[in-house]
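Understanding the architecture of this molecule
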Amino acid sequence: LLFTALALAALVAGCGSRSRELQPGSYRAVLELPGGELPFGLDVAQEEAGFVLTVINGEERVRVTDVAVADGQLTATMPGFTNTLTARITGRKLKGEVALLRAGGEQQRLPFAAELGPTWRFFEQPLTDNADVSGRWAVTFTSDAGQTSAGVAEFAQSFERVTGTILTPTGDHRFLAGEVHGDELRLSRFDGASAYLYHARLDGDGRLVGEYWSGMTGHQRFAAERNVDATLDTSGVATGMKDPSEKLEFSFPDLDGRTISLSDPQFAGKVVIVTLAGSWCPNCHDEAAYLAALYRECHAQGLEVVSLMFEHFGDFAQAVAATRRFRDKFGIEYTTLIAGTSDRDDAARALPQLNGVFAYPTTIWIDRAGQVRKIHAGFAGPATGLHHDQLISDFTGFTKELLAEGTEAPAVAASEAGGAALH
């Protein structure tokens, strides 16, 4: 009888390990990058309409509803992107890949695995004596080719857990999460858009020294020094009008193929915000969430928003499909036009009145008289905390100033850059 019971228990356990049914719950998920495992949280829930995934990085929760489960296979498409996650289901484990869209329509494939139950990120057993990395750091990145660039890191720490982001002159690295383990710092992010992994160590001089990987091909080394007054020099990425007295002009097709021009009657006498964006760009998603709400609030007062979409696809139909997903994610009601490919030189050729395009998004304010009044390169998303709040306050305040003006407003253009002014 005992033998029979044990055999039955083994059979049940064996069937569970080979089950092809997706099991709800919390999973520890990892992607494999050249730098090693990139962990993130993954919750699976079964709702009335079907399975829903939630991707977790620190405070951020990315809800994924475009999920299909059939014949032991999970397929999910990330909201607002064309990136996909596919995996075989084997009991409590998932194994497959994440496909990230890259320039030219190519796909970068990252090995993916997940296990139901574990909730730790990098270190299963935390240490009790860990370095303190909280605060602001001045960061210097060095590419494999030896080129340097600057950033500012903002970290918060609770015991071993660390969250935060890194700001650059053109935006931010979004929500990072990880741990300190002794003097080692590990951070990661996969939010459906891109995959970032950071390894660093606190050296004897109190500097953080390490490297980070972006997907399968991006790699840089970095060194950071604690500096509460660290700021960013954004002059190198400032976009402006070649002739500030000129009016901006463009004509591009909308999603139905109809040519829309800035000189069309629908924009006459209106305040127009023009943003250069792409559905592949995470910081553009952050800005779109803001602009969609601002448009709904201020459209009746005379605000128009036009998003010029520069997609990874040269094919119009594919660019339209990607843009529709982008619109659906945020409930966008303003105009979106297909303006070209994501190559910055292509964007500069599409808008020759600008001195160049150095960042996505780049946002342009045009007053009721049709004059460019302000250009801002980059966007500081919600992961940057107070920097994001200040940016939103500045954007909204300036927009409402323009809305309060008449059509004879002074034409004084200003160029800005950077994800945020650091305060």
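Residues numbered from 1 in each chain as written. Predicted model: local features only at pLDDT ≥ 70, side-chain atom pairs only at ≥ 80, totals over all residues. Heavy atoms only, no water.

1. A few points about the nonpolar core
For the record, the criterion: Within this scheme, the nonpolar core is defined by two criteria: the residues are buried Ala, Val, Leu, Ile, Met, Phe, Trp, Tyr or Cys, and they are joined through side-chain atoms within 4.5 Å. Using a 1.4 Å probe on the protein chains alone, a residue whose accessible area is under 20% of its type maximum counts as buried, one over 50% counts as exposed, and one in between counts as partly exposed. Only runs of H or I of at least four residues qualify as helices and only runs of E of at least two qualify as strands under DSSP, and these elements are numbered from the N terminus. Note on contacts: a residue pair qualifies if any of its non-hydrogen atoms lie within 4.5 Å across the two residues.
Ranked by size, the top nonpolar core spans 56 residues in total, and within it Phe250, Leu276, Leu308 and Ile364 carry the most contacts. Looking at this core, the elements that each hand over two or more residues are strand E21 (271-277), helix H2 (282-298), strand E22 (303-311), helix H3 (316-330), strand E23 (335-341), strand E24 (362-366), strand E25 (372-377) and helix H5 (386-404). Apart from the residues lying within four places of it in its own chain, the contact partners of phenylalanine 250 are Ile260, Ser261, Leu262, Val274, Val306, Leu308, Leu337 and Leu351.

2. Regarding the sheet that holds strand E5 (residues 66-70)
Cut-off, in case you're wondering: For two strands to be treated as a pair, DSSP must find at least two bridges joining them. Here an angle of 0 to 180 degrees is reported between the N-to-C directions of two axes, which are lines fitted to C-alpha atoms, with helices fitted over the stretch in contact.
Pairing within the open sheet is antiparallel, and its nine strands lie in the order E4-E3-E2-E1-E9-E8-E7-E6-E5. Of all the strands in the sheet, just strand E4 (60-64) and E5 have a single pairing partner and so form its edges. Strand-to-strand twist in this sheet, taken as the mean axis angle between neighbours without regard to direction, amounts to 25°. Where E5 meets strand E6 (residues 73-77), five bridges bridge the pair, whose relative direction is antiparallel. When the sheet's bridge partners are listed, valine 67 is paired in E6 with alanine 76.

3. Some points on the side chain of serine 188
Going by this rule: The definition of a polar contact used here is a pair of N or O atoms within 3.5 Å, where within protein one atom must be able to donate a hydrogen and the other to accept one, and adjacent residues in sequence count solely through side-chain atom pairs.
Within the fold, serine 188 resides in strand E15 (residues 184-190). Overall, serine 188 belongs to the buried group, its relative accessible area being 0%. Reaching out from serine 188, the side chain makes a polar contact with the backbone oxygen of proline 39 at a distance of 2.7 Å. Within the local environment of serine 188, its side chain forms a polar contact with the side chain of arginine 121, the two groups lying 3.1 Å apart. Non-local contacts of serine 188, meaning those with residues more than four positions away in its chain, are made with Leu38, Pro39, Asn57, Arg121, Phe122, Phe175, Leu176, Ala177, Tyr196, Leu197 and Tyr198.

4. What about the pattern of salt bridges?
Quick reminder of the rule: Counted as salt bridges are all cases of a side-chain nitrogen of Lys or Arg within 4 Å of a carboxyl oxygen of Asp or Glu.
Under the definition given, this model contains 21 salt bridges. Here arginine 174 makes a salt bridge to aspartate 191, at a shortest N to O gap of 2.5 Å. Here arginine 174 is found in the loop between strand E13 (171-172) and strand E14 (176-181), whereas its partner aspartate 191 is found in the loop between E15 and strand E16 (195-202), with 17 residues between them in sequence. Arginine 174 sits in the buried class, given a relative accessible area of 7%. Accessibility expressed as a relative area gives 6% for aspartate 191, which makes it buried. Here the salt bridges share partners, and the residues they tie into one network are Glu60, Arg174, Arg189, Asp191 and Asp286.

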